[in-house]
Amino acid sequence: MILEAFKELGLSDRTLDALAAKGFETPSPIQRLTIPVMLQNRNDIIAQAQTGTGKTAAFGLPIVELLEPRAKQVQALILAPTRELAIQVNDEIQSFRKGDLRVTPIYGGAAMNEQLRRLRAGVDIVVGTPGRILDHLRRGTLDLSSLRWLVLDEADEMLNMGFIDDVDEILSYAPDERRIFLFSATMPDRIAGLSRKYMRDIEVLRVENKQVTADLTDQIYFEVRESDKFDALTRIIDVENDFYGIVFCRTKVAVDQLVNNLLERGYAAEGLHGDVSQSQREKILRKFKKRHSNILVATDVAARGIDVSNLTHVINYSLPQDPESYVHRIGRTGRAGNEGTAITFISPAENRQFMFLQRQVKAEIRKETLPTGHDIVEMKKLKIKDELAEIVENETYADYDEIARELLAELDPEVALAALMRLAFKNELDESNYPEIRRIDVNRRGTSRLFIGLGKSSGYRPKLIVELLARECGIPQQKIDDVKCMDDFSFATIPFQDAEAAMKKLNSLRELAQDDRPLAKLAKESEKQSDRNPNGVRDSGRNYRRGPRDSYQRRGGSQDYSKRRDHTRRKY
Ligand code: AMP
């Protein structure tokens, strides 16, 4: 049965229906671990999970199963470090149970009135940022006396952002019997401190990441907005010689949607997911293997066991749930000595998970920029010339001699040819078919802004702060940016990946500490400077394109790709 694996974890039919509607097929590794334990509801839990691994469902599904809707009391409180995450978690949890579940996001910066109205009306689950939650608790507008579950989502981020005291105080409003579920991507010592203080009967759950390597295939990634992914995909297909690839999506809903969009635009695409019957599946695979279709859109589950060789591309339209699946996915190209390319689309929301993945697979994944409309049209022109030369050389065209003569008798050769091209290729060479895809830098977190409790009053100047960070934390001076010294504290921007270790190191320097408070922490949003370059990421400047004689993909769903000529493949 579809969703069998979710059922085995102990979820009810009602929840399974909701998951089916969302298009989930199988639990992610962290969901497999946490859901059964949480459903027993006997332990506090510490789970190590990155964003993007399905962690929201990992804690959200058991809570939705266990709570009694319409009790008119807050039974679960989920604390998240940012408002974006709070909104995301709120929406995801709401989707697990339509109808009678009341979930509400409570975050700073939003109007109080609406929040008060909702809280007064009664909610089952509150998802919020610590500061605003605390506001409501102090005013007496949020009542946690019936709280059964407290989730600390992205606990390490909350600690980094200096929310520890807030979390501390929030916990004092909750009854003793509450369970605490702590989710964190990393497990710094302070998490252990927090758990010792508040948690009982702790079960620690983490997905063991096997050492995975993925070095056979050429791997690149593009940064694109979620809403631009479709256009990005069509560009890649269009600029390719003979695109023959699998495009991976996370859910069957996403697969169906993408296939429909591709078909609408005239591409020969087929979709595979858990709802596709066995006979249909075989038919689709036969077609794909014969290259009657050249784009197979699939979920991870559905792609298992597909044995197709000579794929030119594997495209991660959405990131997989774990590094192993990534390696699995991309291992489908580059088989048996064949050259293939794995392309991953990264939206801003996926960036953090991608950084984790990159570390985990220990392979170089190059950043490139998408081909522009101009690039694609140039490729298409080259391809036309190429095919024309081929016909002139190897095919007969005597049937057209007469009409050619007649046309040239009436028209200037250039005009005749141009008009004929127009007839044959319609709008194929129109660059405006490729609307602007806005370049983005998903790596908003490419840098971190540190708050450092040393300022002018203790003799610090920007230069000294830079030296301190370089000397103590090993951060190259040129990577330290935008240092500002105030009287009692300073700010500095450093690479995101160095932030955690740098704070740890600085906070261990007892001799520098001015008082008991940590010397370094992440600057709060309001303290960040908006005028600085927020990314610090260097673009390779390289455009994704193959060699100059590469071709275009003629639009037309019925095209038989097996008949296409086999051009030499080139490296990027
Ligand atoms: P999260 O890690 O909770 O931010 O989830 C990342 C994305 O994965 C969300 O869009 C979820 O809806 C989706 N997701 C979570 N669990 C699954 C699953 N078992 N199958 C497919 N998609 C999932």
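Anything mentioned here points back to the structure above.
Note that the structure is a prediction, hence the values are computed from the model and not measured. (Residues numbered from 1 in each chain as written. Predicted model: local features only at pLDDT ≥ 70, side-chain atom pairs only at ≥ 80, totals over all residues. Heavy atoms only, no water.)

> Account for the packing of aromatic side chains, with residues named and values stated.
Summed over all chains, the structure comprises nine aromatic pairs. One aromatic cluster in this structure is built from Phe222, Tyr317 and Phe345. Positioned over the ring face of tyrosine 244 is arginine 291, at 3.9 Å from the centre of the ring. Geometry around phenylalanine 451 places lysine 521 over its ring, the cationic atom sitting 5.3 Å from the centre. (Phe/Tyr/Trp six-rings, centres within 6.5 Å; stacked < 30°, edge-to-face > 60°. Lys NZ or Arg CZ within 6 Å of the ring centre and 35° of its normal.)

> Account for the sheet that holds strand β17 (residues 490-495), with residues named and values stated.
Overall, antiparallel pairing links the four strands, which are arranged β16-β17-β15-β18 in an open sheet. Of all the strands in the sheet, the pair left with one neighbour each is β16 (481-485) and β18 (520-522). The average undirected angle you get between the axes of adjacent strands in this sheet is 30 degrees. As defined by bridge partners, strand β15 (residues 447-452) adjoins β18 across three bridges and the pair is classed as antiparallel. By the bridge assignment, leucine 450 is partnered in β18 with leucine 522. Contacts between helix α20 (residues 462-473) and the sheet are confined to β15, β16 and β17, with β16 contributing the most and set at about 120 degrees to the helix. (Pairing = 2+ DSSP bridges. Helix = DSSP H or I, 4+ residues; strand = E, 2+ residues; numbered from the N terminus. Axes fitted to C-alpha atoms, helices over the stretch in contact; angles between N-to-C directions. Contact = heavy atoms within 4.5 Å.)

> Which residues make up the sheet that holds strand β12 (residues 313-316), and what are the values?
Reading across the sheet, the seven strands line up as β10-β11-β9-β12-β13-β8-β14 and stay open at both edges, with parallel pairing between neighbours. The two strands at the open ends of the sheet, each matched to only one other strand, are β10 (269-272) and β14 (366-367). With two bridges joining them, strand β8 (residues 218-223) and β14 adopt parallel strand pairing. Bridge pairing in β14 places tyrosine 221 opposite lysine 367. Helix α15 (residues 323-330) rests against β8, β9 (245-248), β12 and β13 (341-346) of the sheet, and its axis sits at about 150 degrees to β12.

> Describe the pairing of β12, with residues and values.
Residues His313 and Ile315 line one face of β12 and the alternating positions Val314 and Asn316 line the opposite face, and both faces are buried. Direction of pairing for β9 relative to β12: parallel, over a ladder of four bridges. Note that in β12 the partner of valine 247 across the bridge is isoleucine 315. As paired elements, β12 and β13 share four bridges and run parallel to each other. For isoleucine 315, the partnering residue across the bridge sits in β13 and is isoleucine 343. (Buried < 20%, exposed > 50% of the residue type's maximum accessible area, 1.4 Å probe, protein only.)

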